[in-house]
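This is what each chain is made of:
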Amino acid sequence: MPSPFLTPGDQAPLDSLALLHLRRDQTVPTILRAHDDEGLGYNEGKVVNTRFGSFPHSTLYHKPWGSQIVASKQKPKAAVAASSGFLHLLYPTPELWTASLPHRTQVVYTPDYSYILHRLCVRPGSSVIEAGAGSGSFTHAAVRAVFNGYPSEQQQPETQQQQPPKKRKHGKVHSFEFHAQRASKVREEISEHGLDGLVEVTHRDVYEDGFLLNRDTSTSPSTEGASASSSTSPKANAVFLDLPAPWLALRHLTRECRQQETAAAAATSTPQGGIQSALDPTTPVYICTFSPCLEQSERTISAMRQLGWLQIEMVEVNHRRIEVKREKYGLEFEGARGAVVFPRTVDEAVDKTRTIEERTRRFREVMKERDARGDQLPLGGLMREREGEDALKGEAQGEEGEENVPGYKQGRLIHRTEPDLKTHTSWLVFAVLPRDWTEEDEKRCCEKWPAQRVIEEVKPKGKKQLKREERERKESEKQ
Amino acid sequence: MHSYVRPNQYVAFRLPSDATKILKVVPDTMIFLGKYGTFPANQIIGRPFYLTFEVFDDASENNGHNLRLITAAELHAETLIADGEGDGDEPDVNGESLPMRTNREIVDDGSAQKLTLEEIEALKKESTGSGREIIAKILESHSALDQKTAFSLAKYTLRKRKKYMKRFTVVPMDVSLLTNYMLQEKDAARIMELRDELIGLLGCWANVHHAGNSPLDGAVASKPRGRYLVVDETGGLVVAAMAERMGILYPHDGEDDREQQGSDDVPSTEGAQGEQQPASRHPRHTHMSAPDNSIFLLHANKQPNMSLLKYFGYDQDNPSETHPLYSHLKPVSWLQLLEPQEDTIYAQEPELLTSDEIAALKSSKRSTYYRKRARWERTQAVVNEARAGGFDGLVVATLMKPISVLRNTVPLLSGSAPVAVYSPVIEPLTEVMDSYSTARKTAYITKRNQLGQRRQEQEKTTGAAGIDSQDPFYPELAEEFYVNPTLLLAPTLETSRVRSWQVLPGRTHPMMSGRGGAEGYIFHASRVLPTQQTIQAAGNPSRKRRRMDTGATTADSSTGADVEMNS
């Protein structure tokens with residue numbers, strides 16, 4: 001089954017994940033089904049109920065991705081369009097999935113994983129180790145980055161392998177999780193999302209057992225040595241450790257895996273070199289560890305230095321979402337929702353005060369007038385007479401102002417950081433481990449590329465130097 | 001993947017001063033790193049990346065070899081020892097028996113160093129030992145060295161080392177490295193001050209990835225997969241970043257395993273010929289003809305500016321046929337996209353000759369004929385494909401107004417396809433956000449419904465056959481709204497910045513200085529297919545319906561009412 005994450009096609013297929021976008025940051029992931037297996041008693045088959053209406057799956061599957069879907073009334077037999085409510089049918093992407101996935105642990109969000117994958121040089125065809133699968137957000141982003149074909153295609157070249165050894169490496173994510181329930185949950189999700197064969201989830205404590213694959217972890221440590229010989233290396237090009245103690249896992253990520261040998265040799269008598277390295281021997285290996293506390297990173301870095309990792313760097317990612325809106329701002333917005341009713345300029349402030357002064361003055365006049373006449377004329381009538389003039393004046397002012405501008409263009413366009421801010425996610429420690437380079441390798445390379453073989457001195461010459469040489473040459477010709 | 005240094009490849013040299021130099025490694029030539037030394041290129045070809053070498057001046061006695069590999073252990077030992085202590089061992093800071101050394105006695109006028117400039121210059125001329133003795137001499141001649149605190153001594157040594165050590169590290173060329181190189185060493189404005197973290201975000205939000213290889217995936221195969229629209233005014237950096245994600249940037253991708261098998265005898269690529277070999281191994285598509293996994297590059301001139309792609313072996317004026325971008329990168333000018341008939345190359349078909357006529361041509365004329373014919377066919381195919389739309393994503397980094405780009409490209413995207421726009425400054429993107437605001441969407445829908453009703457009534461009275469179009473066009477609507485705000489869902493604006501820290505025992509703190517300049521923002525959203533039905537957001541239907549009936553006056557007043565449903 002093609003994964004909707006990687007090759008969604010044109011329309012939402014049955015039995016595949018679709019995201020139902022209700023509103024910003026509110027997306028319901030669902031597997032589209034023709035029949036209601038849970039038997040909730042709807043005649044329309046399976047139904048998604050949201051606060052924005054009910055959506056039978058029959059109105060969703062086989063619709064083009066991106067469609068706006070109208071809610072349905074709960075009617076027997078067939079779905080009838082409701083008068084209100086809708087959603088948008090989107091294909092899943094790691095970003096949308098990260099925003100909507102069921103949280104099991106802390107999630108690695110888009111700003112972090114986008115940078116991590118970029119820095120780890122994770123590319124189509126790469127092999128990635130992820131330890132601490134957690135909620136699976138990084139897993140999905142990583143599989144997108146390494147994807148370069150489904151594993152079913154892999155079998156074709158394998159059959160041809162007798163002939164010219166055609167080796168196109170297929171990208172794969174090797175995910176490790178020590179929490180049994182979480183591991184099985186991730187495995188289930190991976191399968192539902194059509195990522196089988198692209199992601200391999202292993203339930204394992206990597207501090208103890210390392211990163212080699214197909215190792216029977218259910219057996220006791222004493223049989224480990226025996227099964228180790230049948231284990232294969234993930235040949236990782238990149239490693240992402242989201243663990244509480246990355247330094248404990250680092251010892252399993254060396255080129256020659258000495259530590260593993262000694263650990264295993266303590267229990268059994270594994271022949272030397274029986275355990276391979278989990279890393280790709282032909283490429284540099286990039287690593288990133290993700291730790292919330294500074295102390296963890298310091299310890300990790302110290303371990304990295306001891307194990308020969310290079311270019312160690314620690315960074316933090318600061319990410320902000322920015323909201324943009326039109327702020328209604330000015331005296332004329334009195335009564336408008338969310339408006340700041342305040343003079344826009346000093347002039348407006350002066351005008352406003354002047355108007356109030358004027359009104360007060362008039363009020364006093366009226367009072368005086370009434371007192372002078374000595375009669376009991378109703379005060380309100382007189383005032384209303386005067387204020388009528390004011391109101392007219394105000395309207396005239398408004399017309400030349402914002403009155404003709406449609407609501408969506410009124411006010412001032414402003415932006416500010418969204419109120420909920422993630423000020424710290426984790427420390428990211430990056431490093432790289434170069435390929436092993438032995439003296440034999442160097443010797444071979446020297447023979448292949450002899451250093452004394454230099455055809456010409458093509459030292460980049462400056463303009464001045466060229467001119468001077470030209471002059472010298474001419475002079476020597478003269479002589 | 002970057003397995004080893006290939007001949008004729010661009011690689012980066014990281015120097016002790018933290019500067020980066022990018023050079024092409026041509027076999028049998030010398031490589032010049034300025035004051036950090038000179039050595040034959042053959043000494044690094046075939047070697048793995050990320051190794052650090054020390055340059056010795058005297059090469060004669062050793063077959064021309066003047067590089068020494070420095071092991072990781074040595075590098076780290078130097079860092080930690082030069083820093084005055086091992087891990088977790090901090091004698092100066094809290095040792096009670098020792099008086100704490102401070103800088104109160106230190107005179108700040110530079111008189112403590114007894115070596116003169118001339119003496120140092122003379123030392124440099126004599127020395128052959130990659131700068132080590134110079135540094136030792138300088139430290140020796142510092143009269144107040146013992147007054148320095150351990151930390152300050154470490155800093156002093158480090159500074160001297162940066163200046164005099166003849167060392168370099170070979171780093172593979174990739175997008176991340178090129179980005180930092182352009183930002184720090186070259187003209188940051190040329191790449192619109194695009195930073196690493198924003199490139200990462202841009203690619204993720206635009207969901208740019210490899211399309212897979214199999215054309216036989218049953219129902220999905222109907223449509224070509226993984227076609228992205230890119231607007232790139234950074235000289236090719238964005239195209240390179242997207243191509244890297246799609247696996248079409250590096251000419252040698254996927255070959256490393258084989259090379260390594262062969263490496264038991266010798267690294268097998270043979271100089272310049274080595275680059276030609278893959279052509280026979282992988283049957284490639286012709287120029288700009290890859291159906292899947294391709295980049296459509298929209299550009300504002302006759303030719304796109306893709307000069308930075310040269311670092312990845314792709315010369316835009318004379319592209320190598322073996323480079324993946326040769327068939328996967330398809331440039332289309334805005335004129336070709338919007339008014340193709342006005343573009344000469346597209347519109348003027350070179351006259352089709354019969355085979356007899358071709359045979360009669362002179363050979364130079366004949367090749368010109370074929371070339372022109374091929375160019376026309378190519379342009380026709382690429383432009384028509386671009387105009388047909390159905391793209392899987394849009395990535396924009398433009399000097400133009402982004403909203404004008406979106407107006408012309410968003411309709412070309414398939415449903416649910418993401419849009420990601422980069423801008424160094426925020427103002428162009430707040431404009432975009434405003435153009436797709438909820439209030440504007442509501443106003444647009446209201447107006448469209450009114451116009452639809454009016455047209456229906458007109459058709460009833462005139463008796464004209466109603467054109468029951470799925471998406472009727474209303475000129476009044478297009479006039480009031482520059483873009484159709486209902487085509488993008490969940491428009492979001494964000495920014496991200498990476499801060500790096502120094503981590504040393506007892507001295508962990510953020511780096512003291514960094515790069516300022518443009519903050520850099522990303523706008524992203526998803527293309528959707530809005531229904532043409534008159535629908536309301538969920539809420540209080542009875543009240544809403546009444547509003548609809550009263551017609552025109554509600555357009556503006558209802559703006560805030562259904563915020564919940566529209567974004």
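Cut-offs and rules
- Residues numbered from 1 in each chain as written.
- Chains lettered and ligands numbered in written order.
- Predicted model: local features only at pLDDT ≥ 70, side-chain atom pairs only at ≥ 80, totals over all residues.
- Helix = DSSP H or I, 4+ residues; strand = E, 2+ residues; numbered from the N terminus.
- Buried ≥ 20, exposed ≤ 12 C-beta atoms within 10 Å, placed from the backbone.
- Contact = placed C-beta atoms within 7 Å.
- Domains from an automatic or database assignment.
- Nonpolar A, V, L, I, M, F, W, Y, C, P; charged D, E, K, R; others polar.
- Axes fitted to C-alpha atoms, helices over the stretch in contact; angles between N-to-C directions.
- Parallel < 35°, antiparallel > 145°, perpendicular 65-115°, else oblique.
- Pairing = 2+ DSSP bridges.

## A word on the overall build of chain B
Turning to step 1, where the next piece is worked out: Helix and strand content of chain B: 23 helices and 15 strands.
Turning to step 2, where the next piece is worked out: Classification of the 567 residues of chain B by burial places 39% in the buried group.
Turning to step 3, where the next piece is worked out: Sequence-distant contacts in chain B: of pairs separated by 6 or more residues, those separated by 24 or more amount to 73%.

## Some thoughts on the domain arrangement of chain A
All names here are of chain A.
Turning to step 1, where the next piece is worked out: Here the domain parsing of chain A yields domain 1 (17-92), domain 2 (96-151 + 168-316) and domain 3 (324-398 + 409-414).
Turning to step 2, where the next piece is worked out: Taken together, the contact pairs 8 residues of domain 1 with 6 residues of domain 2.
Turning to step 3, where the next piece is worked out: Put simply, the parts of the chain that give the side of domain 1 that touches domain 2 at least two residues each are β1 (17-23) and β2 (26-31).
Turning to step 4, where the next piece is worked out: If you tally residues by element for the side of domain 1 that touches domain 2, the top one is β2, at 3 residues.
Turning to step 5, where the next piece is worked out: Looking at the side of domain 1 that touches domain 2 residue by residue, the class counts come to 6 nonpolar, 1 polar and 1 charged.

## Structural notes on the packing of helix α2 (residues 110-119) of chain A against helix α7 (residues 196-205) of chain B
Turning to step 1, where the next piece is worked out: It is at 8 Å that the axes of α2 of chain A and α7 of chain B come closest, and there the two elements cross at 105 degrees. Comparing their axes, α7 of chain B and α2 of chain A come out roughly perpendicular. Residue-level contacts link T110, P111, S114, Y115, L117 and H118 of chain A of α2 of chain A to D196, E197, I199, G200, L201 and C204 of chain B of α7 of chain B.
Turning to step 2, where the next piece is worked out: By residue class, the composition of the contact of α2 of chain A with α7 of chain B is 6 nonpolar, 4 polar and 2 charged.

## Let's talk about the pairing of strand β14 (residues 427-433) of chain A
All names here are of chain A.
Turning to step 1, where the next piece is worked out: Within β14, 7 of the 7 residues are buried, which leaves it mostly tucked inside the rest of the structure.
Turning to step 2, where the next piece is worked out: Residues of β14 alternate between two faces, with W427, V429, A431 and L433 on one and L428, F430 and V432 on the opposite face, all of them buried.
Turning to step 3, where the next piece is worked out: Alignment of strand β11 (residues 285-291) against β14, held across 7 bridges, turns out to be antiparallel. Across the sheet, residue T289 finds its bridge partner in β14, namely V429.

## A word on the interface of chain B and chain A
Reports often express the size of an interface as the amount of accessible area lost when the parts come together.
Turning to step 1, where the next piece is worked out: Tallying the contact residues gives 103 residues for chain B and 97 residues for chain A.
Turning to step 2, where the next piece is worked out: Looking at side-chain class alone, the side of chain B that touches chain A contains 42 nonpolar, 39 polar and 22 charged residues.
Turning to step 3, where the next piece is worked out: One ladder, built from 9 bridges, connects strand β12 (residues 310-327) of chain A with strand β13 (residues 488-502) of chain B; its direction is antiparallel. Looking across to β13 of chain B, one finds that V317 of chain A is bridged to V498 of chain B.

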